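Survey of secondary and tertiary structure
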Amino acid sequence: MKYFFILGNNPTLSFAEIVAVLNLKPEQILMLTGEAAIAEMEEEIKEVKEKLMRRLGGTIKIGIIVFQSLMVNFQSIFNEKIFNNVNSGGKYSFGISYYGKGGLKNEKQLAMEIKKALKEKGVSSRWVTSREKQLSSVVVEQNKLVTDKGTEIVIIGAGKTYYIGRTLAVQPFKELSARDYGRPGRDDYSGMLPPKLAQMMINLATSPHSLRSSPLSLARKGAGGEVLLDPFCGSGTIITEAALMGFQDLIGCDKSEKAISDTRKNFQFTISNFFRPRPAQWGRNSIFNSKISNNQLKLFKCDVRNLNNKIKPDSVDVIVTEPYLGPSRARRDRESIKEIVSELEELYNQAISQFAKALKKNGRIVMVWPVFKARDTVLLSAKNILQNSDLKIINPLENFRDSNNIVKLTNRQTIIYGREGQKVWREIVILKK
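Further remarks concern the overall build of the chain. Secondary structure summary: the chain contains 13 helices and 17 strands in total. Residues classed as buried in the chain amount to 54% of the 433 residues present. The long-range fraction of contacts in the chain, counting pairs at least 24 apart against all pairs at least 6 apart in sequence, stands at 75%. Here the chain has roughly 20,400 Å² of accessible surface; of this, 46% comes from carbon and sulfur atoms.

This part covers unusual backbone geometry. A positive phi angle, close to 55°, is found at Lys144, a residue other than glycine. Within the element layout of this structure, Lys144 appears in the loop between α5 (137-142) and β7 (150-158). Of note, Asn362 is a non-glycine position whose phi angle comes to about 70°, a positive value. Residue placement: Asn362 occurs in strand β13 (residues 359-373).

The next thing to look at is the packing of helix α6 (residues 173-181) against helix α7 (residues 195-205). Where α6 contacts α7, the two axes come as close as 9 Å, and the packing angle between them is 100°. Classed by the angle they form, the pair α6 and α7 counts as roughly perpendicular. The segment α6 lies against α7, with Leu176, Arg179 and Asp180 engaging Pro195, Lys196 and Gln199. Of the residues assigned to the contact of α6 with α7, the class counts are two nonpolar, one polar and three charged.

It is worth spelling out the packing of aromatic side chains at this point. Each aromatic ring pair is described using two quantities: the centre-to-centre distance and the angle formed by the ring planes. Counted by the stated rule, this structure contains four aromatic pairs. Centroid distance Phe15 to Phe400: 5.6 Å. Interplanar angle 85°. Geometry classified as edge-to-face. Pair noted here: Phe15 is in helix α1 (residues 11-22) and Phe400 is in the loop between β15 (392-393) and β16 (415-417), with a separation of 385 residues, a long-range link. Given the relative accessible area of 16%, Phe400 is considered buried. Plain terms: the ring middles of Phe83 and Tyr92 are 6.3 Å apart, the flat faces sit at 65° to each other, and that makes the pair edge-to-face. Each member of the pair, Phe83 as well as Tyr92, carries the same accessibility label: buried.

Of all hydrophobic cores here, the largest spans 96 residues; its most connected members are Phe15, Leu228, Leu250, Ile352, Phe355 and Ile428. Among the elements that take part in this core, helix α12 (residues 334-358) stands out by supplying eleven residues, more than any other. Two domains share this core, each providing at least three of its residues, namely domain 1 (2-42 + 58-170) and domain 2 (185-432). The residues touching Phe355, leaving out its near neighbours within four places in the chain, are Pro231, Phe232, Val304, Leu307, Ile319, Ile365 and Met367. In terms of nonpolar packing, the next biggest core, distinct from the first, is built from 21 residues, Phe67, Ile82, Leu104 and Ile114 among them.

Per-residue confidence for the chain gives a mean pLDDT of 86, with 88% of residues at or over 70. Predicted confidence in the chain is weakest over helix α8 (residues 208-211), with a mean pLDDT of 43, and strongest over strand β1 (residues 2-7), with 97. Across residues 209-215, confidence stays below pLDDT 50; counting only partners more than four residues off in sequence or on other chains, it has 14 contacts. pLDDT under 50 marks residues 218-222. Its contacts with residues more than four places away, or in other chains, come to 26 contacts.

Attention now moves to the sheet that holds strand β4 (residues 59-69). Here we have eight strands laid out as an open sheet, ordered β2-β3-β1-β4-β8-β7-β5-β6, and mixed in their pairing. Every interior strand has two partners, whereas the edge strands, β2 (29-32) and β6 (124-128), have only one. On average, each strand axis in the sheet is tilted by 30° relative to the strand beside it, whichever way the strands run. One ladder, built from three bridges, connects β2 with strand β3 (residues 36-40); its direction is antiparallel. The partner of Met31 across the bridge, within β3, is Ile38. Contacts from α1 reach β1, β2, β3 and β4, with the element oriented near 145° to β1.

Taken across its nine residues, helix α10 (residues 237-245) has nine buried, putting it largely inside the fold. Along α10, the positions that sit buried rather than exposed are Thr237, Ile238, Ile239, Thr240, Glu241, Ala242, Ala243, Leu244 and Met245. Just past α10, the residue Gly246 takes up positive phi, approximately 115°.

Taken as a whole, the second largest pocket spans an internal volume of roughly 490 Å³. If you trace the second largest pocket, you find 24 residues lining it, with Met31, Leu32, Thr33, Asn404 and Ile406 closest to the centre. Breaking the lining of the second largest pocket down by element, the ones donating at least two residues are β2, β5 (91-99) and β7. Examining the composition of the lining of the second largest pocket, we find that four residues originate from one element, β2, more than from any other. Residue composition of the lining of the second largest pocket, by class: 13 nonpolar, seven polar and four charged. Looking at the lining of the second largest pocket, you find at least three residues from each of domain 1 (2-42 + 58-170) and domain 2 (185-432).

This brings us to a negative patch on the surface. A contiguous patch of negative charge on the surface is contributed by Glu335, Glu339, Glu343 and Glu346. Inspection of the secondary structure puts Glu346 in helix α12.

On to the packing of α1 against α7. Running from amino to carboxyl end, α1 crosses α7 at an angle of 45°, the nearest separation of the two axes being 9 Å. As judged from the angle between their axes, α1 and α7 are oblique. Every pair of crossing elements has a handedness; the one defined by α1 and α7 is left-handed. Here α1 contributes Leu13, Ala16, Glu17, Ala20 and Val21 to the contact with α7, which in turn contributes Leu197, Gln199, Met200, Asn203 and Leu204.

Rules and cut-offs
- Residues numbered from 1 in each chain as written.
- Predicted model: local features only at pLDDT ≥ 70, side-chain atom pairs only at ≥ 80, totals over all residues.
- Heavy atoms only, no water.
- Helix = DSSP H or I, 4+ residues; strand = E, 2+ residues; numbered from the N terminus.
- Buried < 20%, exposed > 50% of the residue type's maximum accessible area, 1.4 Å probe, protein only.
- Contact = heavy atoms within 4.5 Å.
- Areas by Shrake-Rupley, 256 points an atom, 1.4 Å probe, with all protein chains shown as cover.
- Axes fitted to C-alpha atoms, helices over the stretch in contact; angles between N-to-C directions.
- Parallel < 35°, antiparallel > 145°, perpendicular 65-115°, else oblique.
- Nonpolar A, V, L, I, M, F, W, Y, C, P; charged D, E, K, R; others polar.
- Phe/Tyr/Trp six-rings, centres within 6.5 Å; stacked < 30°, edge-to-face > 60°.
- Core = buried A, V, L, I, M, F, W, Y, C linked by side-chain atoms within 4.5 Å.
- Domains from an automatic or database assignment.
- pLDDT = per-residue confidence, 0-100.
- Pairing = 2+ DSSP bridges.
- 1 Å grid on protein atoms, 1.4 Å probe; cavity = no way out; pocket = protein on both sides within 12 Å on 5 of 7 lines; lining within 4 Å.
- Points joined across faces, edges and corners; volume = space filled by probe spheres on them.
- Patch = residues over 30% accessible without salt bridge, like charges linked within 9 Å, V, L, I, M, F, W, Y side chains within 5 Å.
- Salt bridge = Lys/Arg side-chain N within 4 Å of Asp/Glu carboxyl O.
- Lys, Arg positive; Asp, Glu negative; His and termini not counted.
- Charge placed at Lys NZ, Arg CZ, Asp CG, Glu CD.
- Left-handed = near helix turned anticlockwise from the far one by under 90°.

Written as structure tokens, this is what we have:
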């Protein structure tokens, strides 16, 4: 089966997450653009489409490829049974999203022909449109285009070939917004890690390569019994997202008492509002766990430089964290940035030496290093940070060859994440013991 994944704002990070969670090999990737990836998989993902969608923080839509063609017309769409689930009676909605260079020149004509063909089948239909080039997750969900009352046709242009499919699931924007902005414990001054980015970081840390899982087991069952540590837990975004992903042994620490309090509040908020009764077919270790005990979360106040006084050696499977990124209101001239960089390199060096002792063999660390955007782009020195440890930076897409130059990695094989206008971007660094 062939599936498409519509990528988020950072295609490299989105694609790396998909590869990690689904354990994809290079030969399974049929196409990669700045907007979409198409993969061929033996396993059927329809049954886990919503769970997989909730697992992938960097993916906007997941769908199935129905056919390939050298042209796009309504006859081929109907012949290939895109609309097989349509029944006469009631109102039916459909939309069209095109991903590729330029636009779909015959989109309106295609839509009118589809309406006409549906009418001949006794189906009253409505064409859902948008001001944007493609239909957003919001438009798709609100118009029920991933239910039995609607369809989103997705057309992906790849050179002279078109991949045509239908959307199976879209990003749960309401849940993500509620988890981001509805949390009782917030600290806007020190910054807030977006839940979607936290999900991506956790997925890169807990890939099947490190957990020896089958390709879809993380989507089906969650992470299982692995121990995750966030040593700069802040308001607990990583902790709460990890709980939703199925982690049952979570450790968070921070030198701020407020951070510990906020994490505890946000953990309780998340568990109360976002855990669902689990369907029987998912088994005991399902990500749908209906209960989670406070005993599964350990929180304590601690300076990261003294972490090993609290954490036993070789006891943690993965460390996922966004550390202190420097003063939020600092001047961003050359000299002040140089001073901030020096201080952060020293802090991270001391922290990582503690991480290395706590981490099990082959364990992973995924952490953020700041990237300062002033006149020049300033990155921290990996040599200075890692000089006292045996940890190595690893490339999440090491075996993939990208002839279209879609994958954007730094020279040290890390991923830069940010938006235009931000003064401090994030560098996603993956380390392995």
